[in-house]
Amino acid sequence: MDLFDLHCDTPFEMYKKKTGLLDGPLHISLKKTERYPRYAQVMAIWTQHSLESEAAWEQFHAIYRDFISKIPPKKAALCRSAADYRQAAALGKRPLFLAVEGASLLCGKLERLSVLYELGVRFLTLVWRETDIIGGAFDTSEPLTPFGREVVKACFALGIVVDLSHASDAVTEECLDLAAAAGRAVAATHSNSRSVYPHPRNLTDEAAKKIAACGGLVGISMAPQHLDEPGEANIQSVCRHIQHDLSLGIGGHLAFGCDFDGIDKTPAGIRDVSDLFKVAGALKKEGIPDETLQALCYGNAERFILANL
Ligand SMILES: [Zn+2]
């Protein structure tokens, strides 16, 4: 199986634990992905939410510098465009994309979005928890702020993918309307199904279908607390979320967004990225055709990158 994963927090963990990308103790290392003939990864830079916004901006740059310095140039490449992706793949390098998780580090300064773009950031998870200068997260019912609305529109104009994971239903709905009006695709890079497990971090069927309708992506996460009852999450739970999303008819817009290195615990049977093939194996046993599996594991995300970056 190939793997194109839409979300991990590995850069922060590499920075905090002073480890490398090639090999190491984290959920993700290039060595742990060797079993996947093709592997591409969106790497999110998450900054500590407890930091004051300006300190978070500083910390982003520290994590960014650390991460860029640790990309082994012969094995992986930071990609900013479809052309970069094609080149990396042709050279046999693992294509990496950069995301920022939590846009509050913009500190109300829209021009900072262009700085992020210049640095190669191509995905922006708008909010994380509670309400901030962008709008409400999943644990609130708050909509976008006027600044948040400007950020979303500026992302569409620049070519940064708006990521709705962590957003409140009100923010999600408004962003989907803005995306439809602008003719842009958005993603929920690491969000499971609320119909399968009723956690507010998970997507409603309506939101998942609208994300697909705009040409976007929904990434299935391995966060146990979003998959199943406490202590129950396992490979079958992951399959239930995928099967449900397939039943909605959005199989052409599904991918993985595992949230590795952003979650303390993993579902039973999945230690790290090297075990993800087990999910594909379980789905195959449940009768999911190879073509659907290949689209889920790689093809859908690849098509999205080629169309949108
Ligand atoms: Zn997250």
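The structure displayed is predicted, hence computed values, not measured ones.

Conventions and cut-offs
Residues numbered from 1 in each chain as written. Predicted model: local features only at pLDDT ≥ 70, side-chain atom pairs only at ≥ 80, totals over all residues. Heavy atoms only, no water. Helix = DSSP H or I, 4+ residues; strand = E, 2+ residues; numbered from the N terminus. Rg over C-alpha atoms; globule rule 2.2 N^0.38 Å. Buried < 20%, exposed > 50% of the residue type's maximum accessible area, 1.4 Å probe, protein only. Contact = heavy atoms within 4.5 Å. Areas by Shrake-Rupley, 256 points an atom, 1.4 Å probe, with all protein chains shown as cover. Lys, Arg positive; Asp, Glu negative; His and termini not counted. Charge placed at Lys NZ, Arg CZ, Asp CG, Glu CD. Donors = N, O, S within 2.8 Å, 3.2 Å for Na, K, Ca; no water. Axes fitted to C-alpha atoms, helices over the stretch in contact; angles between N-to-C directions. Left-handed = near helix turned anticlockwise from the far one by under 90°. Nonpolar A, V, L, I, M, F, W, Y, C, P; charged D, E, K, R; others polar. Phe/Tyr/Trp six-rings, centres within 6.5 Å; stacked < 30°, edge-to-face > 60°. Salt bridge = Lys/Arg side-chain N within 4 Å of Asp/Glu carboxyl O. Pairing = 2+ DSSP bridges. Disulfide = S-S within 2.5 Å. Arc of directions from axis to C-beta.

This part is about the overall build of the protein chain. What the protein chain contains, in helices and strands, is 11 helices and nine strands. At 18 Å, the protein chain has a C-alpha radius of gyration in line with the 19 Å of a compact globule built from 309 residues. Along the three orthogonal principal directions, the C-alpha set of the protein chain runs to about 50 × 45 × 35 Å. When each of the 309 residues of the protein chain is scored for burial, the buried share is 60%. The long-range fraction of contacts in the protein chain, counting pairs at least 24 apart against all pairs at least 6 apart in sequence, stands at 72%. Of the roughly 12100 Å² of accessible surface on the protein chain, a fraction of 52% belongs to carbon and sulfur atoms. Distance between charge centroids for the protein chain: 7 Å, based on 33 positive and 39 negative side chains.

Looking now at the coordination of the zinc ion. Here the zinc ion is held by the protein donor atoms Glu-101 (OE), His-166 (NE2) and His-190 (NE2), which lie 2.0 to 2.2 Å from it. Along the chain, the residues donating to the zinc ion are arranged with the sequence spacing E-x64-H-x23-H. Here the residue Glu-101 occupies a position in strand S4 (residues 94-101), and His-166 occupies one in the loop between strand S6 (161-163) and helix H6 (169-182), the gap between them amounting to 65 residues. The exposure class of His-166 is buried, given its relative accessible area of 8%.

This part covers the packing of helix H5 (residues 146-158) against H6. Relative to each other, H5 and H6 sit at 35 degrees, their axes nearing to 11 Å. The two elements H5 and H6 cross, and the hand of that crossing is right-handed. When H5 is examined against H6, the residues Arg-149, Val-152, Lys-153 and Phe-156 are found in contact with a partner set consisting of Glu-174, Cys-175, Leu-178, Ala-179 and Ala-182. Here the contact of H5 with H6 is built from residues that sort into six nonpolar, no polar and three charged.

The next point concerns the packing of aromatic side chains. A complete count under the given rule lists nine aromatic pairs for this structure. Considering the side-chain rings of Trp-57 and Phe-60, the 6.1 Å spacing of their centres and the 20 degrees angle between planes classify their relative orientation as stacked. On the criterion of helical spacing, the pair formed by Trp-57 and Phe-60 is a turn pair, its members being three residues apart in helix H2 (residues 53-69). Note on accessibility: Trp-57 and Phe-60 belong to one class, buried.

Buried charge without a salt bridge: Glu-101, with Arg-201 as the nearest opposite-charge side chain at an N-O distance of 5.8 Å. With near-sequence residues (within four places) excluded, Glu-101 lies in contact with His-7, Asp-9, Ala-44, Ile-45, Trp-46, Thr-47, Thr-125, Trp-128, His-166 and His-190.

With that settled, the discussion passes to the pairing of S4. Successive residues of a regular strand alternate their side chains across the two faces of the sheet. For S4, the buried fraction is high: eight of the eight residues fall into the buried class. Of the two faces of S4, the one carrying Arg-94, Leu-96, Leu-98 and Val-100 and the one carrying Pro-95, Phe-97, Ala-99 and Glu-101 are both buried. Bridge count for strand S2 (residues 39-46) against S4 is six bridges, and the pairing is parallel. By the bridge assignment for S4, Gln-41 is matched with Leu-96. Note: strand S3 (residues 76-78) against S4, three bridges, orientation parallel. Its bridge partner lying in S4, Leu-78 is registered against Leu-96.

This brings us to the state of the cysteines. Under the defined criterion, the tally for this structure stands at zero disulfides. Counting only cysteine sulfurs, Cys-175 is the nearest neighbor of Cys-214, a cysteine outside any disulfide, at a range of 10 Å. A relative accessible area of 21% means that Cys-214 is categorised as partly exposed. Cys-258 takes part in no disulfide bond, and the closest cysteine sulfur to it belongs to Cys-8, at a distance of 9.2 Å. You can call Cys-258 buried: its relative accessible area is 1%.

Along helix H4 (residues 111-118), the residues classified as buried are Arg-112, Leu-113 and Leu-116. The buried residues of H4 occupy an angular sector of 105 degrees when projected down its axis, which confines them to one face. Looking at H4, the residues exposed on the side facing more than 90 degrees away from the buried face are Glu-111 and Glu-118. If you follow the buried residues of H4, they end up packed against H2, S4, strand S5 (121-125) and H5.

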